[in-house]
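Here is how the chains run, residue by residue.
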Amino acid sequence: MEQHRARLEELLRAYGPGSRPASHGRYALIGQPETLVILERMETNPFGLRSAWEKELEDVFLDDLEFAWGPRIRLSR
């Protein structure tokens, strides 16, 4: 994800721990180590990610991360 360094830094600044959105309890995944893997899947296999996610976890976490990252393909309903 080296090519996304600036984008990752902006994501952390805008939505990560200590940000206004995070202070309201949103964007809980941002700042967690696993976020890098989720973002990689979002970039390379977004529909597979959404399919697997919906079977195991609450959609709001992925929806928030998707909004903050701003992927090319919106997966949320």
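Residues numbered from 1 in each chain as written. Predicted model: local features only at pLDDT ≥ 70, side-chain atom pairs only at ≥ 80, totals over all residues. Heavy atoms only, no water.

## Describing the packing of helix α1 (residues 5-15) against helix α5 (residues 59-69)
In plain terms, the rule: Interaxial angle, 0 to 180 degrees, is taken between N-to-C directions of lines fitted to C-alpha atoms, where a helix line uses only the stretch in contact. Numbered from the N terminus, helices here are DSSP runs of H or I no shorter than four residues, and strands are runs of E no shorter than two. An angle below 35 degrees is treated as roughly parallel, one above 145 as roughly antiparallel, one from 65 to 115 as roughly perpendicular, and anything else as oblique. It is the rotation of the near helix from the far one that decides the hand of a crossing: anticlockwise by less than a right angle makes it left-handed, clockwise makes it right-handed. Two residues qualify as a contact provided that any one of their heavy atoms is within 4.5 Å of a heavy atom in the partner residue.
Where α1 contacts α5, the two axes come as close as 10 Å, and the packing angle between them is 120 degrees. On the basis of their axis angle, the class for α1 and α5 is oblique. When the axes of α1 and α5 are compared, the crossing they make is right-handed. Seen from α1, the contacting residues are Arg 7, Leu 8, Leu 11 and Tyr 15; seen from α5, they are Phe 67, Ala 68 and Trp 69.

## Regarding the packing of helix α4 (residues 46-56) against α5
Keep this limit in mind: Here the term charged refers only to Asp, Glu, Lys and Arg, the term nonpolar to Ala, Val, Leu, Ile, Met, Phe, Trp, Tyr, Cys and Pro, and the term polar to all other amino acids, Gly among them.
At a minimum axis separation of 9 Å, α4 and α5 run at an interaxial angle of 150 degrees. With respect to α5, the axis of α4 lies roughly antiparallel. Contact residues: α4 offers Leu 49, Arg 50, Trp 53 and Glu 54, while α5 offers Asp 59, Phe 61, Leu 62, Asp 63 and Glu 66. Here the residues of the contact of α4 with α5 sort into 4 nonpolar, no polar and 5 charged.

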